[in-house]
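One-letter residues, chain by chain:
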Amino acid sequence: MEEVRLRDRHATRQRIMAAARDLFAEHGYDQVTMRIIAARAEANLSLINRYFGSKRELFAEVIAQQGRFPGVLDEAGGDLPGALAEYVADRLTSPGDSVLVATLARSAPSAEIQEILRERIRTAILEPLRERLPGDDAELRAALATALIMGSAQLRRVFGPAGEWRREAVVERLTQVFRACLC
């Protein structure tokens, strides 16, 4: 009996997370209510509060589970500028927005979650980059690289995928830019 209850709890929690992820990406943080999430997840509203505490905490967990950037650093090996260039080129040339980019774009204006967004950018991109860079100005160089990475998402949202650009040329130029920024 206990095993069935745990499995149901896990499945319900996963449905809630999936519903919240999709709704935040479609509508943004401010437009989504806990009731809407509960309805989409076919879950009781009290379960959302029990599992996540609040909409803000649920949003933080959704954001924490999104994105592949930390893996980019793990796979970079000795060519950090090249790995970052590949990552940004993928973002610029892919045919569709990632769920994370859509969520951030639609949710960024919300004052309630600014600290969550700052914390995610700091812990997922800025600090891991800074830790890999030598020198006294490592924080500045990591911040500049983070600006390039974050700006690529905004550029992609405004102008759409860079389909007319050859991906190889994008990677080549971005590698040069990241090399100048990081080295």
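Participant: Provide a residue-level description of the confidence of the model for the protein, including the pertinent values.
Facilitator: Taken as a whole, the protein shows an average pLDDT of 87; of its residues, 94% reach a score of 70 or greater. Looking over the protein, one finds the lowest element-wise mean pLDDT in helix H5 (residues 69-75), namely 77, and the highest in helix H2 (residues 34-41), namely 97.

Participant: Got a sec to walk through the packing of aromatic side chains? Specific residues and values, please.
Facilitator: Using the criterion set out here, one finds three aromatic pairs in the structure. On the numbers, 5.8 Å between centres and 25° between planes, the contact of Phe 24 with Tyr 29 is stacked. The same class applies to Phe 24 as to Tyr 29, namely buried. Consider the rings of Tyr 29 and Phe 59, whose centres lie 5.2 Å apart with planes at 75°: the pair is edge-to-face. Note that Tyr 29 is positioned in the loop between helix H1 (2-27) and H2 and Phe 59 in helix H4 (residues 55-64), a separation of 30 residues in sequence. Comparing Tyr 29 with Phe 59, the two get one shared label, buried. Put simply, the rings of Phe 24, Tyr 29 and Phe 59 pair up and form one aromatic cluster. Residue placement shows Lys 55 over the ring face of Tyr 29; its charged tip is 4.1 Å from the ring centre.

Participant: Any details on the side chain of Thr 146? Residues and values, ideally.
Facilitator: For Thr 146, the position within the fold is in helix H9 (residues 138-159). Residue classification places Thr 146 among the buried residues on the basis of a relative accessible area of 6%. With residues up to four places along the chain from it excluded, the contact list for Thr 146 reads Ile 121, Ile 125, Leu 126 and Leu 129.

Participant: Just give me the short version of the packing of H4 against helix H8 (residues 114-132), but keep the residues and values in it.
Facilitator: Running from N to C, H4 and H8 point in directions that differ by 25°, and their axes come no closer than 10 Å. Taken as axis vectors, H4 and H8 run roughly parallel relative to one another. In this structure, the crossing between H4 and H8 has a hand that is right-handed. On the side of H4, the interface is formed by Arg 56, Phe 59, Ala 60, Ile 63 and Ala 64, while H8 contributes Glu 115, Ile 116, Leu 117 and Arg 120. Here the residues of the contact of H4 with H8 sort into six nonpolar, no polar and three charged.

Participant: Explain a nonpolar patch on the surface to me, using residue names and the numbers behind them.
Facilitator: The grouping of Leu 155, Val 158, Phe 159 and Trp 165 at the surface amounts to a nonpolar patch, some 440 Å² of accessible area in total. Note that Phe 159 resides in helix H9.

Definitions and cut-offs
Residues numbered from 1 in each chain as written. Predicted model: local features only at pLDDT ≥ 70, side-chain atom pairs only at ≥ 80, totals over all residues. Heavy atoms only, no water. pLDDT = per-residue confidence, 0-100. Helix = DSSP H or I, 4+ residues; strand = E, 2+ residues; numbered from the N terminus. Phe/Tyr/Trp six-rings, centres within 6.5 Å; stacked < 30°, edge-to-face > 60°. Buried < 20%, exposed > 50% of the residue type's maximum accessible area, 1.4 Å probe, protein only. Lys NZ or Arg CZ within 6 Å of the ring centre and 35° of its normal. Contact = heavy atoms within 4.5 Å. Axes fitted to C-alpha atoms, helices over the stretch in contact; angles between N-to-C directions. Parallel < 35°, antiparallel > 145°, perpendicular 65-115°, else oblique. Left-handed = near helix turned anticlockwise from the far one by under 90°. Nonpolar A, V, L, I, M, F, W, Y, C, P; charged D, E, K, R; others polar. Patch = residues over 30% accessible without salt bridge, like charges linked within 9 Å, V, L, I, M, F, W, Y side chains within 5 Å. Areas by Shrake-Rupley, 256 points an atom, 1.4 Å probe, with all protein chains shown as cover. Salt bridge = Lys/Arg side-chain N within 4 Å of Asp/Glu carboxyl O.

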